[in-house]
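Structure at a glance
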Amino acid sequence: MTLSKPVFDRLGLGLWIGAFLVVLVLVLWSPHTRTVWQAYIDGSEALLAGRPLYNLSSEMGYLYAPAFAALYVPLVKLGPHLGGLIWHIIGFAVLTLAAMRQVRKLGGGELPWLLSFGLFLALPMAMGAIRNGQATILLAGACWLLTFSALEGRRAETFFWASVAIIAKPTAIIMLLLVGALRLRLIPVLVLAVLFVLALPYAFAPAGYLNDQYRLFAEMLTSMAVDNTSHFVPTDFTAPFTRMGLPLPEIGATVIRIVMALFTLCAVIWFDRRLERGTADLAIFLTATFYMCVFNPRVEPNTYAMIAVPAGLAIALLWREEKGGVLASVLSVMLFLTGLTGVERHVQDLTYPWFRPIAVTIIAGSLIWWFWAKVRHKVTRDKVMHEGPVANG
């Protein structure tokens, strides 16, 4: 292997954990700096006081389901230092657990290297969201673990991780739809998880108040999907066109999102049926996060933290299977440097908001193509083995 195995066996994992420990120190030192903690506090305090959770005239503030505000109350009560510390640990632990479980499911040799190198490549892109304490990190880990649980047919785990994912962010519904399409028998479990999350806040606040909040929540989600008049700058696939002064009409963008949703559905079904179990899990989740990052109208730069770790592990797997090569080298450098574009102010100003959707499309598209090529190779090999040698007459 071109990359020195002894160097990367522990380096990436050590940097991943070390960077997170630095984040915890920063949280304790200044809990309100570079964090979304205040939005979570405002949501929980508004719920307890019976005030409106959502401000439809603003594209910022509390943007989560009422259940998030209800379950975040204990962390608010613990204060910004301890509460912020626990919140950061929860998200990081869930995402890291998902990555470790994925590596174990991949199997084969060099598993410590696979995990370490994958986390090393993902670190720059993921660390901004981890530092900010964004629910995107919990969403990524919960959706990943939901994928494992559903594909293995574990109903209780599927219910739990589906509930956590929906609480973390409403965009988790995309993952639930894909999982439901892959495992039809789990649709009742997924529906039950949605109903549980919707019902949960009623244990904390009056029904009339929550009915009004759900109405506002639905209006907010609708406005975020179709309203282009706000100050929010999306970082989805429309951003490069907007930067060039050629903004896509809303109807055109919607058609593209629908077409890519169908492509995503076909791709994950194909991978589920054709790839080996561990590899299929990674390919399915990578494809899903690609759609959730690039084709979600409510995308910001740190949203791309969702795809950072699965893309890093997929590139590491590519390195292992292909013994390095040009494609693996190019994708490794591209993923690592794409994450660094948010570090320096001048580079960020130059690349915002158009660069990440282009770079992630190239990275994810190349990896999806590689997974598809593995399927084609497997089908061809199985066909040859099934037909057997041709006898000479």
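For the structure itself, look to the data block above.
This report concerns the structure included in the present document. (Residues numbered from 1 in each chain as written. Predicted model: local features only at pLDDT ≥ 70, side-chain atom pairs only at ≥ 80, totals over all residues. Heavy atoms only, no water.)

On to the packing of aromatic side chains. Tallying each qualifying case throughout the model produces 29 aromatic pairs. Ring geometry for phenylalanine 20 against phenylalanine 92: centres 3.8 Å apart, planes inclined by 0 degrees, an arrangement best described as stacked. Here phenylalanine 20, found in helix α2 (residues 11-29), pairs with phenylalanine 92, found in helix α5 (residues 79-106); they are 72 residues apart in sequence, far enough to count as distant. Just as phenylalanine 20 is buried, phenylalanine 92 falls in that class too. Aromatic pair tryptophan 370 and phenylalanine 371: ring centres 5.2 Å apart, planes at 50 degrees, arrangement tilted. A single burial state applies to tryptophan 370 and to phenylalanine 371, both of which are buried. (Phe/Tyr/Trp six-rings, centres within 6.5 Å; stacked < 30°, edge-to-face > 60°. Helix = DSSP H or I, 4+ residues; strand = E, 2+ residues; numbered from the N terminus. Buried < 20%, exposed > 50% of the residue type's maximum accessible area, 1.4 Å probe, protein only.)

The next point concerns α2. With 19 residues, α2 ought to run about 27 Å at 1.5 Å a step, and its terminal C-alpha atoms sit 27 Å apart, in line with that. Listing the buried residues of α2 in full gives Gly12, Trp16, Ala19, Phe20, Val23, Leu24 and Val27. Seen from one end, α2 has its buried residues packed into an arc of 150 degrees, which puts them on one side. In α2, the exposed residues that point more than 90 degrees away from the buried face are Val25 and Trp29. (Expected span 1.5 Å × (residues − 1). Arc of directions from axis to C-beta.)

Looking now at the environment of proline 112. Assignment of secondary structure puts proline 112 in helix α6 (residues 111-132). On the accessibility criterion, proline 112 (40% relative accessible area) is partly exposed.

On to unusual backbone geometry. Proline 353 follows tyrosine 352 through a cis peptide bond whose omega is -5 degrees. Looking at where proline 353 falls in the secondary structure, it is placed in the loop between α17 (345-351) and α18 (355-387). In this structure, glutamate 110 takes a positive phi of about 60 degrees despite not being glycine. Of note, glutamate 110 is situated in the loop between α5 and α6. With a phi angle near 55 degrees, lysine 323 is a residue other than glycine that sits in the positive phi range.

Moving on, we get to the pattern of salt bridges. Evaluation of the coordinates by the stated rule reveals twelve salt bridges. We note a salt bridge from lysine 105 to glutamate 152, for which the minimum N-O separation is 2.7 Å. Residue lysine 105 is found in helix α5, and its partner glutamate 152 is found in the loop between α7 (135-151) and α8 (155-168); the two are separated by 47 residues along the sequence. On the basis of relative accessible area, lysine 105 is assigned to the partly exposed category, the value being 22%. We note a salt bridge from glutamate 321 to arginine 320, for which the minimum N-O separation is 3.3 Å. When its relative accessible area of 36% is taken as the criterion, glutamate 321 is described as partly exposed. A relative accessible area of 11% means that arginine 320 is categorised as buried. If you follow the salt bridges from partner to partner, you end up with Arg101, Lys105, Glu152, Arg154, Glu157, Arg183, Asp272, Arg277 and Asp281 in one network. (Salt bridge = Lys/Arg side-chain N within 4 Å of Asp/Glu carboxyl O.)

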